[in-house]
Amino acid sequence: MERATPTSELLGFIVDRVGVGVFVVDRDMNIVLWNRFMETNSGRSSAEVVGHNLFESFPELPVIWLQRKITNVFVIKNFSFTSWEQRPYLFHFRHNRPVTGGIDAMSQNCTFLPMKGTDDEVAYVCITLFDVTDTSISQRMLKSTLRSLAEASNRDGLTGIHNRRYLEELLSKEFSRAQRYEGMMALIMLDIDHFKRVNDVHGHLAGDEVLRHTATRLRECLRDIDTFARYGGEEFVVVLPETPVEGALVVAERLCHAMGSKPITFGGLELPVTISLGVSLWVPGIP
């Protein structure tokens, strides 16, 4: 028994009701098909747009890019594809996802399919739009989480400044950069005076508070391009790129004054805190 061939009416029914945007244009960029998905999301019925130029009907489209994309399909006679990561959307359609997803329009994957006639020439190009908003939101959330985890792995849990692991990686990069471009780099290493006495007399909670306040005060004395890290215990390191020795000494004086100018308050106590430091400089041409 011969298998029944789907009729054009049945195919039209499927195209019209599939949950994918489907529209077709001819060589003059006139719309010849506009399915229900496109009607619903664009607010323009098939009767309004079929027979009219795509770009005149939707002037907000990326005309130059889209015209080139469609023309290439006519010329090369092969299908083409664009993902939401290359271009977030073709049509600015609203989506029904929570605004917390951080996306203000439906994310779309697009395919451009050549439709050939009997002479094997491309007569029309069929463009399909796939709603991939959920995938886009998930990918953005995943990337954001990975960035947060990466940042957290570079931070000291107590003080919030960079940790020793990050410092060692940065020093390797900065030293290589300074060698390559014959720049200079200053480094300040410091520690808190008599920190063990704070822990022994007032307890480790007081010691933690001293470390946190020290990190906060010293960080406020530095530039955005400087790197401030906890090396270990009560030891800290400041990396000053492209800084001559005179500038490094000025920063060192500023750090000492910031800590010695006023005590740290903890549990009704005023704990005077001072720091000791050393300055080192790498200059090109000096071994």
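Data block above holds the structure.
Residues numbered from 1 in each chain as written. Predicted model: local features only at pLDDT ≥ 70, side-chain atom pairs only at ≥ 80, totals over all residues. Heavy atoms only, no water.

**Topic: helix 7 (residues 164-181)**
We apply this condition: Put simply, DSSP H or I for four residues or longer makes a helix, DSSP E for two residues or longer makes a strand, and each gets a number counted from the N terminus. By definition here, a helix of n residues has an expected span of 1.5 Å times n minus one. Categorising residues by exposure relies on relative accessible area from a 1.4 Å probe, with only protein chains included: less than 20% of the type maximum marks a residue as buried, more than 50% marks it as exposed, and the intermediate range marks it as partly exposed. By arc we mean the arc of the directions from the helix axis to the C-beta atoms, nothing more. Residue contacts are counted whenever heavy atoms from the two residues lie within 4.5 Å of one another.
With 18 residues, helix 7 extends 25 Å between its outermost C-alpha atoms, agreeing within 8% with the 26 Å of an ideal straight helix rising 1.5 Å per residue. Among the residues of helix 7, those classed as buried are Leu167, Leu170, Glu174 and Ala178. Down the axis of helix 7, the smallest arc covering the buried residues is 70 degrees, so these residues share one side. For helix 7, the exposed residues lying more than 90 degrees away from the buried face are Lys173 and Arg180. Contacts from the buried residues of helix 7 go to strand 6 (185-192), strand 7 (227-232), strand 8 (235-241) and strand 11 (275-282).

**Looking at the sheet that holds strand 8**
Within a beta sheet, neighbouring strands are joined by backbone hydrogen bonds and run either parallel or antiparallel to one another. Applicable threshold: Two strands qualify as a pair provided that DSSP identifies no fewer than 2 bridges between them. All axes here are fitted lines through C-alpha atoms, helices being fitted over the stretch that makes contact, and every angle between N-to-C directions spans 0 to 180 degrees.
In space, the 4 strands of this open sheet follow the order 7-8-6-11, with antiparallel pairing throughout. Both outer strands of the open sheet, strand 7 and strand 11, are each paired with one neighbouring strand and no more. When the angles between neighbouring strand axes are averaged without regard to direction, this sheet yields 20 degrees. In this structure, strand 6 lies alongside strand 11, joined through 8 bridges in antiparallel fashion. Residue leucine 190 lies in a different strand from strand 11, and its bridge partner there is leucine 277.

**Some points on the pattern of salt bridges**
Applied cut-off: A pairing counts as a salt bridge when a side-chain nitrogen of Lys or Arg comes within 4 Å of a carboxyl oxygen of Asp or Glu.
Enumeration over the complete set of coordinates arrives at 13 salt bridges. When the shortest N-O distance is used, the salt bridge between lysine 77 and glutamate 121 registers 3.0 Å. One end of the pair, lysine 77, is in the loop between helix 5 (63-76) and strand 3 (80-82); the other, glutamate 121, is in the loop between strand 4 (108-116) and strand 5 (122-131), and 44 residues separate them in sequence. With a relative accessible area of 35%, glutamate 121 lands in the partly exposed category. Of the charged contacts, one joins arginine 212 and glutamate 209 as a salt bridge, the two residues approaching to 2.9 Å between their closest N and O atoms. With arginine 212 and glutamate 209 both in helix 9 (residues 204-219) and 3 residues apart, this pair spans about one turn of that helix. In this structure arginine 212 comes out as partly exposed when scored by relative accessible area, which is 32%. Three or more residues joined by partner-sharing salt bridges are found here, namely Glu174, Arg177 and Glu242.

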